[in-house]
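The chain contents come next:
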Amino acid sequence: MKRKGVFLLLILTMTLFLTSCWSKKELTDLAIVSAMGIDKTKDGRYHITLQIINPGNVAGIQGGGGGTQSPPITIYSASGDNIVEASRRASGRISRRLYYAHTNLVVVGEKLAKEEGINTLMDAFDRDPEFRNTSTLVIANHSSAADLVKTLTPVDKIPANKVLKTLEFTERKWGENVKTSLQEVMRSLESPGRGTVVSGFRLVGDPQQAQKLDNLQESAPEATLRASGIAVLKQGKLVDWLYGKPARGTVWILDKIQGTDINIDWEGRKEAIAYQTVRQKTSVSAQVKNGKPHISVHTRVEGDIGDMEVPVDITNPKVITKIEQSVRKEIKKELKTAIERAQKNKTDIFGFGEVVHRTRPNQFKKIKMEWNDVYFPKLDVDITVEAYIRRAGLRNKSFLSGIKENQK
């Protein structure tokens, strides 16, 4: 009888710890926010635009079923003196609880990023236990955050996924954009003397047309979203946009190039040979010479020949060596251009100050307050590039060379 009493007491005790679904959240009670856009109103308030998923519409479209087509997302917006107030005001227009755990994209309007900066926003996101710090941050390029968040996109029915995948594949194949999370941005903002880079996105076309389902029913949509440049932030504020070679040179130095094409001139023809990178590694080191910091950047690249628009005998080792030298020269030029642009902006977006701090922490403490404005613009940087050709495609002898020989 005593054993039964002990067993019953144990069962009752266990029930206190097995409270089951005390914090359960029913899907029908949640409004899942996939993206948030933040702009600044004329009277200085925050204006948020929420991209909320319509689960039934997304499933219906992806399944290819019949019936009336409905948008896969619904847009709600509200304004407030801060992000929390704006979010709570938006909840007054929605019949469900706003759920930010699946918000993978945050878009900041260009005007807000330029005039006020993003530091206050980062603090708000970091305090929210439900908001993911792995969410991707982008800056609206020459448009508002609301226009980007409201745009309906083909192929990827949820616009937030369109932006994320575009950044991912652009970073992997072209190298002029970087996919940056809130956590990475906060880390760079906290780093002494360092600037921040964030990818830009822009709306190409009519903003009104971008919000209509008719835009999705055309083979060539009149309005679409496009990755556009890299935003340079100094102390959290937008100070410049990088495009083309300065953007790619920046990504090279940050060691975030996953793949890209380098076009070189050959025998008087512009961009005649395409060099496709396969793997690369960039390292940065610091020394102190004559009491002044000195930076060395070393990049090693391996790649393949992707295209040749002129007859080239690539079976000749001397020709291969000459192509490699041209590739090295082009990459070094892009890295130098990126550094000169950053020094002109007086913004150390490469983290050179962090390297100096690791090498000479005591000396860097004395100059860190003036690093961006005084020391970085005059910093001596040595650039060394190694480039190698590993493969020449499916054929060694150029197809154009064969045509030229047959015509003789």
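Since the structure is predicted, the reported quantities are computational estimates derived from the model, not experimental observations.

## Things to note about the environment of tyrosine 243
Item 1. Along the chain, tyrosine 243 falls in the loop between strand E9 (237-242) and helix H10 (244-253).
Item 2. Taking the C-alpha atoms as reference points, tyrosine 243 and glycine 200, 43 residues apart in sequence, are found 10.0 Å from one another.
Item 3. Not counting residues up to four positions away in its chain, the partners in contact with tyrosine 243 are Asn141, His142, Ser228 and Gly229.
Item 4. Within the structure, the side chain of tyrosine 243 is placed 3.0 Å from the side chain of asparagine 141, a separation counted as a polar contact.

## Side note on a negative patch on the surface
Item 1. The grouping of Asp206, Asp214, Glu218 and Glu222 at the surface amounts to a negative patch.
Item 2. Residue placement: aspartate 206 occurs in the loop between strand E7 (196-204) and helix H9 (207-210).
Item 3. Given a relative accessible area of 41%, aspartate 206 falls into the partly exposed group.

## Re the environment of leucine 98
Item 1. Checked against the element boundaries, leucine 98 lands in strand E4 (residues 97-99).
Item 2. It is 8.3 Å that separates the C-alpha atoms of leucine 98 and serine 87, two residues lying 11 residues apart in sequence.
Item 3. In this view, leucine 98 contacts Ala31, Val33, Leu50, Ile52, Ser87, Ala90, Ser91 and Glu130; residues no more than four positions away in its chain are not counted.

## A few points about the pattern of salt bridges
Item 1. Scanning all chains against the criterion turns up 21 salt bridges.
Item 2. Lysine 40 is the partner of glutamate 116 in a salt bridge, and the nearest nitrogen-oxygen pair spans 2.5 Å. Residue glutamate 116 is found in the loop between helix H4 (110-115) and helix H5 (119-127), and its partner lysine 40 is found in strand E1 (residues 30-40); the two are separated by 76 residues along the sequence.
Item 3. Taking the relative accessible area as the measure of exposure, glutamate 116 reaches 30% and is therefore partly exposed.
Item 4. Among the salt bridges present, the one from glutamate 334 reaches arginine 248, with a minimum N-O distance of 2.6 Å. Of this pair, glutamate 334 sits in helix H11 (residues 317-345) while arginine 248 sits in helix H10, and the two are 86 residues apart along the sequence.
Item 5. The exposure class of glutamate 334 is buried, given its relative accessible area of 1%.
Item 6. Residue classification places arginine 248 among the buried positions, given a relative accessible area of 5%.
Item 7. Salt bridges sharing partners connect three or more residues here, namely Arg45, Asp81, Glu85 and Arg89.

## With respect to the nonpolar core
Item 1. By size, the foremost hydrophobic cluster in this structure holds 49 residues, and its most contacted members are Ile273, Val312, Ile323, Phe350 and Phe352.
Item 2. A total of 9 residues in this core trace back to one element, the largest contributor, which is H11.
Item 3. Counting 34 residues, the second-largest nonpolar core is a separate cluster that includes Tyr46, Ile118, Met122 and Ile139.

## Notes on the pairing of E9
Item 1. Bridging between strand E8 (residues 224-234) and E9 involves 5 bridges; their strand directions are antiparallel. Paired with lysine 234 across the bridge in E9 is lysine 237.
Item 2. Between E8 and the antiparallel strand that follows it, E9, lie 2 residues; glutamine 235 among them carries a positive phi value of about 55°.

## Remarks on helix H12 (residues 352-359)
Item 1. Within H12, the full set of buried residues consists of Phe352, Gly353, Val355 and Val356. Buried residues along H12 cover an arc of 160° about the axis, so they all sit on one side.

## Concerning the pairing of strand E2 (residues 46-53)
Item 1. Taking burial as the measure, the 8 residues of E2 include 6 buried ones, the bulk of the element.
Item 2. Bridging between E1 and E2 involves 7 bridges; their strand directions are antiparallel. Residue methionine 36 lies in a different strand from E2, and its bridge partner there is leucine 50.
Item 3. Counted between consecutive antiparallel strands, the loop separating E1 from E2 contains 5 residues, among which glycine 44 sits at a positive phi close to 85°.

## Observations regarding unusual backbone geometry
Item 1. Not every positive phi belongs to a glycine, and histidine 142 is a case in point at roughly 55°.
Item 2. The residue glutamate 267 is not glycine, and still its phi comes out positive at about 50°.
Item 3. Tracing the sequence through the fold places glutamate 267 in the loop between strand E10 (261-266) and strand E11 (269-289).

## Considerations on the packing of aromatic side chains
Item 1. Under the counting rule described, the total for this entry stands at 6 aromatic pairs.
Item 2. Residues phenylalanine 352 and phenylalanine 376 carry aromatic rings whose centres are separated by 6.3 Å and whose planes lie at 50° to one another, so their mutual orientation is tilted. Of this pair, phenylalanine 352 sits in helix H12 while phenylalanine 376 sits in the loop between helix H14 (371-375) and strand E13 (380-391), placing them 24 residues apart in sequence. In this pair, the class of phenylalanine 352 matches that of phenylalanine 376, namely buried.
Item 3. Look at phenylalanine 364 and tryptophan 371: their rings are 5.6 Å apart centre to centre, the planes differ by 65°, and that puts the pair in the edge-to-face class. Each member of the pair, phenylalanine 364 as well as tryptophan 371, is classed as buried.
Item 4. Three or more aromatic residues joined by ring pairs form one cluster here, namely Phe350, Phe352, Phe364, Trp371 and Phe376.
Item 5. Cation over ring: lysine 40 sits above tyrosine 46, and NZ or CZ is 3.9 Å from the ring centre.

## Observations regarding the packing of H5 against helix H8 (residues 182-190)
Helix-helix packing is described using two parameters, namely the angle between the two axes and the distance between the axes.
Item 1. Taken N-terminus to C-terminus, the directions of H5 and H8 make an angle of 125°; their axes are 11 Å apart at the nearest point. On the basis of the axis angle, H5 is oblique to H8. Every pair of crossing elements has a handedness; the one defined by H5 and H8 is left-handed. Together, Asn119, Met122, Phe125 and Asp126 of H5 and Leu182, Val185, Met186 and Leu189 of H8 make up the contact between the two elements.
Item 2. Grouping the constituent residues of the contact of H5 with H8 by class yields 6 nonpolar, 1 polar and 1 charged.

Rules behind the numbers
Residues numbered from 1 in each chain as written. Predicted model: local features only at pLDDT ≥ 70, side-chain atom pairs only at ≥ 80, totals over all residues. Heavy atoms only, no water. Helix = DSSP H or I, 4+ residues; strand = E, 2+ residues; numbered from the N terminus. Contact = heavy atoms within 4.5 Å. Polar contact = N/O pair within 3.5 Å; in protein donor to acceptor, adjacent residues only side chain to side chain. Patch = residues over 30% accessible without salt bridge, like charges linked within 9 Å, V, L, I, M, F, W, Y side chains within 5 Å. Areas by Shrake-Rupley, 256 points an atom, 1.4 Å probe, with all protein chains shown as cover. Salt bridge = Lys/Arg side-chain N within 4 Å of Asp/Glu carboxyl O. Lys, Arg positive; Asp, Glu negative; His and termini not counted. Charge placed at Lys NZ, Arg CZ, Asp CG, Glu CD. Buried < 20%, exposed > 50% of the residue type's maximum accessible area, 1.4 Å probe, protein only. Core = buried A, V, L, I, M, F, W, Y, C linked by side-chain atoms within 4.5 Å. Pairing = 2+ DSSP bridges. Arc of directions from axis to C-beta. Phe/Tyr/Trp six-rings, centres within 6.5 Å; stacked < 30°, edge-to-face > 60°. Lys NZ or Arg CZ within 6 Å of the ring centre and 35° of its normal. Axes fitted to C-alpha atoms, helices over the stretch in contact; angles between N-to-C directions. Parallel < 35°, antiparallel > 145°, perpendicular 65-115°, else oblique. Left-handed = near helix turned anticlockwise from the far one by under 90°. Nonpolar A, V, L, I, M, F, W, Y, C, P; charged D, E, K, R; others polar.

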